[in-house]
Amino acid sequence: MKTTRLILLSTLLLSPLAGCDGGTDDNGVNEGETDSGDGDGDGDTETETETGEPEPLDDDEDGLTNEEEAELGTDPKKKDTDGDNYWDPWELAEGTDPLDYDSRIYTGFWPYNPNKDELVQGTWATTGKQVGKPFPRQSFLDQHGDYVDVYDFANFTVNQAMTPAFFIFDISAQWCGPCHNVANWIKGVDDANTTWIQELYPTVREKVHSLRIWWVTFIVQDQAGGAPTLADAQSWFTVHKDNYIPILVDETQQVQDTFLGNAFPHFFLLDPTLAIEYFPPPGGGTNEDPYPAVGLVDTLL
Ligand SMILES: [Ca+2]
Ligand SMILES: [Ca+2]
Ligand SMILES: [Ca+2]
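What you are looking at is a predicted structure, and each value in this text was computed from that prediction instead of being measured.

Chemist: Tell me about unusual backbone geometry, and please be specific about residues and values.
Modeler: In this model, Phe264 is joined to Pro265 through a cis peptide bond whose omega is -15 degrees. Position of Pro265 among the secondary structure elements: in the loop between α8 (254–259) and β8 (266–270). Of note in the backbone geometry, Glu61 takes a positive phi value of approximately 55 degrees without being a glycine. Examined against the element boundaries, Glu61 turns out to sit in the loop between β2 (49–50) and α2 (66–72). Classification of Glu61 by relative accessible area gives exposed; the value is 59%. The backbone phi angle of Phe109 is positive, close to 60 degrees, even though this residue is not glycine.

Chemist: Residues and numbers for empty space enclosed by the protein, please.
Modeler: Using a probe with the size of a water molecule, rolled over the atoms, empty space left in the structure can be pinpointed. Within the structure shown, the criterion is met by one cavity of 30 Å³ or more. Of the volumes computed, that of the largest cavity is approximately 70 Å³. Along its surface, the largest cavity is lined by Ala183, Ile186, Lys187, Trp215, Thr217, Trp236, His240, Asp242, Ile245 and Ile247. The set of elements that each furnish at least two residues to the lining of the largest cavity consists of α4 (177–187) and β6 (213–221). Here the lining of the largest cavity gets three residues from one element, more than from any other, and that element is α4.

Chemist: Describe the pairing of β8, listing the residues and the values that go with them.
Modeler: Judged by how many residues are buried, β8 sits mostly within the fold: five of five residues are covered. Both faces of β8 are covered, namely the face carrying His266, Phe268 and Leu270 and the face carrying Phe267 and Leu269. The sheet contact formed by strand β5 (residues 166–173) and β8 spans five bridges and is antiparallel. Note on β8: the bridge partner recorded for Phe169 is Phe268. Where β8 and strand β9 (residues 276–278) come together, two bridges link them in antiparallel fashion. Paired with Leu270 across the two strands is Ile276, which belongs to β9. Once β8 ends, the chain turns through five residues before running back antiparallel as β9, passing Leu274 with a positive phi of about 75 degrees.

Analysis parameters
- Residues numbered from 1 in each chain as written.
- Chains lettered and ligands numbered in written order.
- Predicted model: local features only at pLDDT ≥ 70, side-chain atom pairs only at ≥ 80, totals over all residues.
- Heavy atoms only, no water.
- Helix = DSSP H or I, 4+ residues; strand = E, 2+ residues; numbered from the N terminus.
- Buried < 20%, exposed > 50% of the residue type's maximum accessible area, 1.4 Å probe, protein only.
- 1 Å grid on protein atoms, 1.4 Å probe; cavity = no way out; pocket = protein on both sides within 12 Å on 5 of 7 lines; lining within 4 Å.
- Points joined across faces, edges and corners; volume = space filled by probe spheres on them.
- Pairing = 2+ DSSP bridges.

Below, the structure is given as structure tokens:
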């Protein structure tokens, strides 16, 4: 599974480190023209010319110059020196080691979006069950014990020809039998509790496992109906192991309080920027389409 993920995620098309191109000098001085100012106040204006110095080389176009990479010991010919999925400058930005595969931004190999701050940022105060509103920017504990910024998943695509991945956000509870059935179905189990789901939504499983959509499971209650902990995500992952699915712990239960419908499990659809695309009606679905957000993935995406 790791190998598959590596291949898929290494085709990430997100541009690295916005604002870090090191290319154009935007001080208004044209190439070859003497700057009449004396920026450093040393009385010497002659050395302060913009003579069109060549841009520092960045052979692998990862945002770090060859010179910087030489100092760091990273490979100037590889964006991702240690092969852990995360480009060298991303690891520097996040404080992980670009020379150590086991030191990585997310243990689960989730994507990383260096441009996430530029997205419209949702907040708990402004986002409700409203189409078009961005999901609140928040980091959640995952099944590996990492805090995951959900905006790192934004605008993810495995293939330039494809639309970036939409999201199903799955609100589940540890005590909820049907929630476990859905988790079994997604991971590939075919039994009396899951075959009916597969018949209703025949393309969804494959879309999750080809990263055409992200299925994100939020555990919002523990076995007793209280606030969940890391142990709930870990045990969910043990039972329903699927490396494509982040299992996030709703420790403060804000996801539940903001987005839960009338019953578990509850699903809604988000677009690639994490804006809500579809929210089911309060009464939920029908017998033919009990999980309408999942149904939209089946028919439209
Ligand atoms: Ca470089
Ligand atoms: Ca590099
Ligand atoms: Ca690393």
